[in-house]
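# Observations on chain architecture
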Amino acid sequence: MNAMENRKSTTGKVIVLLAALALVAVTNACAQGTGSDLSGAQAGQGLPGSQNGNDSPGAQAGQGLPQTQVRYDLLNTAITISIYEETDDRVFDDVFNRIFGIEQAMSTTLAHSEISTIAAMAGKTPVLLSDETYAVVKAAYDISVESDGAFNLAIGPLVKLWGINTASPRVPGLTEIEIAQNMSDFGDVILSDTEKSVFLTREGMSIDLGAIAKGYAGDAAAEIIRDHGISSALLDLGGNIVTIGCKPDGTGWRIGLRNPIIGESGYIGVLTVQDKAIVTSGGYERNFVSGGRFYHHIFDGKTGYPSESGLLSVTIISDSSTEADKLSTVAFVLGLDAGMDYLLRFYEDVDAVFITEGFEIYVTPGIKDSFVITDDRFSLAG
Ligand code: ADP
Ligand code: MG
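These lines cover the structure that appears in this document, whether it is placed above or below. (Residues numbered from 1 in each chain as written. Chains lettered and ligands numbered in written order. Predicted model: local features only at pLDDT ≥ 70, side-chain atom pairs only at ≥ 80, totals over all residues. Heavy atoms only, no water.)

### Let's talk about the coordination of the magnesium ion (ligand 2)
In an ideal octahedron of six donors the angles at the metal are 90 or 180 degrees, and in an ideal tetrahedron of four donors they are 109.5 degrees. For the magnesium ion (ligand 2), every protein donor is listed as D325 (O), D325 (OD) and T329 (OG1), and the spread of their distances is 2.2 to 2.4 Å. Separated by 4 residues within a single helix, D325 and T329 lie in helix α9 (residues 321-334), roughly one turn from each other. (Donors = N, O, S within 2.8 Å, 3.2 Å for Na, K, Ca; no water. Helix = DSSP H or I, 4+ residues; strand = E, 2+ residues; numbered from the N terminus.)

Structural data, given as structure tokens:
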């Protein structure tokens, strides 16, 4: 081979490589959906079971039929995994086992979970944790500090006092609230990175990962699905959504944003995304009425009461479902102004939809073009 031929063949290789790169770039982005496609989501024409109870934003509206769909009852919620391509069933076993393991370790209701053991040993001795549980507790602790307690991993005593996750919630007396509030101090949670241990300094304290564990499970499940080589899937963990790749027709996933008005259902808007987690915190999810007043399940540790920040819901759109979960709680407790400010300042890559009690919707600049309001009682503000 002479020098000229040699150069030619090298150039040929470079061209092939560039062509391959261009292909990757094209397949990385989902194609634009059509208008008529979107109306399917507006009408809420999802699959059977796509609106699970009152907590699913109806993620599967108008996506077409998945090849396989499996539902699990784990983490105190309904989990639906929909895979939109040919796959073998082992992936569903792997996902089940993974989430089951997370529940066993991190549940507050299972007496022998690592998190329950921490509470049982409160005021007595530090508890050594598995690497995974320690990492989630640490993430919850860090966001508690970072958000100045808007997210509060030590909120357990308040959550238990109000019985909000039980069949008999109630409005406690002022003294009880004061005591539980005092017990819900994340400053009294002592972590050891070297030992991977957690110590609650006072008996009666407890950790609650309810605002982050489902998000963590979403990331863990998505990782398994990707490891199985699957590139088109939709995960719904009780309303926490994780999307993988594009829909089979090559367009982005259209995720219905749950109507946050108490007692209503359906969607009020549609977000088009790919490879994103979408997590909403809202007062509509778990709540009760007492003495003509409405109480929900997200607490403000600074008052001891369900947070009253003027919001019906906050939705976070992020690459990480763990991050989306923790930030949805932070932003919901902080309210529109402080919450928006916080996200824009510290989480540039994250997008959000805030819905106020006045039915106004505020979105971050990154999703202005991919979010459509479908209920005309709501309007885009800001
Ligand atoms: P959901 O669990 O309905 O998806 P969130 O992610 O906002 O909603 O989590 C709410 C749960 O987290 C509550 O049920 C409770 O267990 C716990 N929690 C309540 N208030 C807080 C708070 N301020 N910080 C951290 N966890 C909280
Ligand atoms: Mg959350």
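The structure having been displayed, the exposition proceeds.
### Here's the deal with the sheet that holds strand β3 (residues 127-128)
One open sheet holds the 3 strands; their spatial order is β3-β5-β4, and the pairing between them is antiparallel. Among the strands making up the open sheet, the edge pair consists of β3 and β4 (189-192). Judged from the 2 bridges that link them, β3 and strand β5 (residues 197-200) form a sheet pairing that is antiparallel. Across the sheet, the residue bridging to L128 is S197, located in β5. Across the sheet, helix α5 (residues 131-146) is in contact with β4 and β5; its angle to β4 comes to roughly 130 degrees. (Pairing = 2+ DSSP bridges. Contact = heavy atoms within 4.5 Å. Axes fitted to C-alpha atoms, helices over the stretch in contact; angles between N-to-C directions.)

### Considering the site of ligand 1
Residues in close proximity to ligand 1 total 18 residues, the closest being D208, S281, E285, H297 and F299. Within the side chain of S281, a nitrogen or oxygen atom sits 2.7 Å from an oxygen atom of ligand 1. Separating an oxygen atom of ligand 1 from a side-chain N or O atom of E285 is a distance of 2.7 Å. Because more than half of its atoms lie within 2 Å of the grid, ligand 1 is assigned to the largest pocket. Residue composition of the shell around ligand 1, grouped by class: 7 nonpolar, 6 polar and 5 charged. (Near = heavy atom within 4 Å. Polar contact = N/O pair within 3.5 Å; in protein donor to acceptor, adjacent residues only side chain to side chain. 1 Å grid on protein atoms, 1.4 Å probe; cavity = no way out; pocket = protein on both sides within 12 Å on 5 of 7 lines; lining within 4 Å. Sits in = over half its atoms within 2 Å of the grid points. Nonpolar A, V, L, I, M, F, W, Y, C, P; charged D, E, K, R; others polar.)

### Structural notes on the environment of A352
Here A352 shows up in strand β16 (residues 351-356). A C-alpha to C-alpha distance of 9.1 Å links A352 and I278, two positions 74 residues apart in sequence. Ignoring any residue separated from it by four or fewer positions in sequence, one finds A352 in contact with T315, I316, I317, L343, Y362, V363, T364 and I367.

All quantities given are derived from atomic positions and should not be read as evidence of function.
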